[in-house]
Amino acid sequence: MKNFLLSISVATMAAGVGCLGYGISEMANFDKSARTISDSQAVNLFLGGLVGAHLAVAPLMVASRID
């Protein structure tokens, strides 16, 4: 059970950081013609990644209590 929670935490953290990085890279791209997504989608990716990266802490906290 502990390994399962740890794997969920790592997967959630990886997805959150990936979304966070992609959102930042799209928002930092000032050349509008080179963008692949709109401004609002980039902001949504950034915020979703931020929330996802923080949600990865919950399974870690539960796993730390399991012996």
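Report on the accompanying structure. Each chain has its residues counted from 1, running along the sequence as written. Given that this is a predicted model, residues contribute local features only at a pLDDT of at least 70 and side-chain atom pairs are listed and counted only at 80 or more, while totals for whole chains, interfaces and linings are drawn from all residues. To get the side-chain values, all heavy atoms of the structure are used, and hydrogens and water are removed first.

1. Quick notes on the environment of alanine 63
Alright, step 1. Strands here mean DSSP runs of E at least two residues long; helices mean DSSP runs of H or I at least four residues long; both are numbered from the N terminus. The residue alanine 63 is located in helix H3 (residues 57-65) in this model.
Alright, step 2. Type-normalised accessible area, obtained with a 1.4 Å probe on protein chains alone, sets the label of each residue: buried when under 20%, exposed when over 50%, and partly exposed for intermediate values. Of the residues examined, alanine 63 reaches a relative accessible area of 1% and is grouped as buried.
Alright, step 3. Residues alanine 63 and alanine 42, spaced 21 residues apart in sequence, show a C-alpha to C-alpha distance of 33 Å.

2. Topic: the environment of serine 7
Alright, step 1. Residue position: serine 7 is located in helix H1 (residues 2-28).
Alright, step 2. Of the residues examined, serine 7 reaches a relative accessible area of 40% and is grouped as partly exposed.
Alright, step 3. For the pair serine 7 and isoleucine 24, spaced 17 residues apart in sequence, the C-alpha to C-alpha distance is 26 Å.
Alright, step 4. Here a polar contact means two N or O atoms within 3.5 Å. Within protein one must be a hydrogen donor candidate and the other an acceptor candidate, and residues neighboring in sequence count only if both atoms are side-chain atoms. Separated by 2.7 Å, the side chain of serine 7 and the backbone oxygen of phenylalanine 4 make a polar contact.

3. Quick look at the side chain of serine 9
Alright, step 1. Locating serine 9 in the fold gives a position in helix H1.
Alright, step 2. According to the relative accessible area criterion, serine 9 is buried, its value standing at 4%.

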